[in-house]
Amino acid sequence: MIFDFDGTLTTRDTLLLFIRFACGRWAFLWGMLCYAPLLVLMKLRLYHNGKTKQKVFSHFFRGWTLERFSQCGREFASQYAHILRADTVEALRQAQQDGARVFIVSASIENWVQPFFPDVEVVGTQIEVQDGVLTGRFLTPNCYGSEKVRRVTDIFGDRTPYYICAYGDSRGDRELLAWADKGIKVKK
């Protein structure tokens, strides 16, 4: 059983929410102003979303220690549990009770997704760390679209012995939902 995170297990996207939580309102607003042209180009599909995301991420988090960043992720999960969607969280918990292997596959950074679900395997965008400090670069490609399928395929290898059910809500989940034996589009 595979679940997307943003908009599927939560009621909203968490990237900007996490940045505002971690960096404060004024730093968030200044950063968004600095990157507004790039964000518009991304929304118009004229600039790659993964590159945009990495540039924005780097602006806010390059130079942070991994411990500070991970602690912020734990605090974020604790303070924002109210953004979880009860229906899809219930489906995830039911799958666990039924003995299914459950994954969260997300374009979000693993460090703030995992604390929401510490007992679930998270496959997300991973960050590069050198000597305990974030470089601002991603270690893996942004886990979005076909990258979600590639990352899950790396885990399963030959998927023929498995029946895979996937939940998603957005364009970034389209390939995963089509690839799964059963794709469930979550309505907002």
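See the structure shown above.
J.: I tried to follow the overall build of the protein on my own but got confused; where do I start?
T.: If you tally the helices and strands in the protein, you get 8 helices and 7 strands. Its C-alpha atoms give the protein principal-axis dimensions of about 45 × 35 × 35 Å. The buried share of the protein, taken over its 188 residues, is 48%. Looking at the protein alone, contacts between residues at least 24 apart form 63% of all its contacts between residues at least 6 apart. Put simply, the protein shows about 9800 Å² of open surface, and 54% of that area lies on carbon and sulfur atoms.

J.: I tried to follow the pattern of salt bridges on my own but got confused; where do I start?
T.: If the charged atoms of two oppositely charged side chains come close together, the side chains can form a pair. Within the structure shown, the criterion is met by 11 salt bridges. Residues D119 and R93 are paired through a salt bridge, measuring 3.1 Å at the closest nitrogen-oxygen approach. In this pair, D119 is assigned in the loop between α6 (110-113) and β3 (121-125) and R93 in helix α5 (residues 86-97), connecting sequence segments 26 residues apart. Between D154 and R150 there is a salt bridge; the shortest N-O distance is 2.7 Å. Of this pair, D154 and R150 both sit in helix α7 (residues 146-156), 4 residues apart, which is roughly one turn of that helix. Judged by relative accessible area, which is 54%, D154 ranks as exposed. Where salt bridges share partners, they join D4, K148 and D173 into one cluster.

J.: When you look at helix α3 (residues 49-61) in this model, what are you seeing that I'm missing?
T.: With 13 residues, α3 extends 18 Å from end C-alpha to end C-alpha; this agrees with the ideal 18 Å at 1.5 Å per step. Residues of α3 that are buried: N49, G50, T52, K53, V56, F57, S58, F60 and F61. Two residues or fewer after α3 comes G63, characterised by a positive phi angle close to 95°.

J.: So what exactly am I meant to see when it comes to the pairing of β3 here?
T.: One face of the sheet, then the other: side chains in a regular strand alternate in exactly this way. Within β3, 4 of the 5 residues are buried, leaving the element largely enclosed by the surrounding structure. Note: strand β2 (residues 103-109) against β3, 4 bridges, orientation parallel. Each residue of the ladder has a partner; that of F103, found in β3, is E121.

J.: It is not clear to me how the sheet that holds β2 should be interpreted in this structure. Could you clarify?
T.: Sheets are built from strands paired through backbone hydrogen bonds, the pairs being either parallel or antiparallel. Spatially, 5 strands are ordered β3-β2-β1-β6-β7 in an open sheet, and the strand pairing comes out parallel. Whereas interior strands pair on both sides, the edge strands pair on one side only; in this sheet they are β3 and β7 (182-185). Pairing between strand β6 (residues 165-168) and β7: 4 bridges, direction parallel. Bridge pairing in β7 places Y167 opposite I184.

J.: In this structure, what is going on with the packing of helix α1 (residues 15-23) against α3? I would like to understand it.
T.: A pair of packed helices is characterised by two quantities: the angle between their axes and the separation of those axes. Where α1 contacts α3, the two axes come as close as 11 Å, and the packing angle between them is 10°. By the criterion of interaxial angle, the relationship of α1 to α3 is roughly parallel. Note on element contacts: α3 touches α1 through K53, V56, F60 and F61, opposite L15, F18, I19, A22 and C23.

J.: Help me understand the environment of H59 in this model?
T.: Turning to its location among the elements, H59 is positioned in helix α3. Non-local contacts of H59, meaning those with residues more than four positions away in its chain, are made with G31 and Y35.

J.: For this particular structure, what's the right way to read the side chain of N111?
T.: Take N111: it is sitting in helix α6. N111 has contacts with L66, F69, S70, G73 and I127, leaving out every residue within four places of it along the chain.

J.: Before we go on, may I ask you to explain the nonpolar core in this structure?
T.: In this structure, F61, F69, I104 and F117 are the most contacted members of the largest nonpolar core, which totals 41 residues. The leading source of residues in this core is α1, at 5 residues. In this view, F117 contacts F5, L9, L84, V89, L92, R93 and I104; residues no more than four positions away in its chain are not counted. Counting residues in each nonpolar core, the second largest holds 13 residues, with I2, C143, A166 and A180 among its members.

Criteria and cut-off values
Residues numbered from 1 in each chain as written. Predicted model: local features only at pLDDT ≥ 70, side-chain atom pairs only at ≥ 80, totals over all residues. Heavy atoms only, no water. Helix = DSSP H or I, 4+ residues; strand = E, 2+ residues; numbered from the N terminus. Buried < 20%, exposed > 50% of the residue type's maximum accessible area, 1.4 Å probe, protein only. Contact = heavy atoms within 4.5 Å. Areas by Shrake-Rupley, 256 points an atom, 1.4 Å probe, with all protein chains shown as cover. Salt bridge = Lys/Arg side-chain N within 4 Å of Asp/Glu carboxyl O. Expected span 1.5 Å × (residues − 1). Pairing = 2+ DSSP bridges. Axes fitted to C-alpha atoms, helices over the stretch in contact; angles between N-to-C directions. Parallel < 35°, antiparallel > 145°, perpendicular 65-115°, else oblique. Core = buried A, V, L, I, M, F, W, Y, C linked by side-chain atoms within 4.5 Å.

Don't take any of this as a statement about function, it's just geometry.
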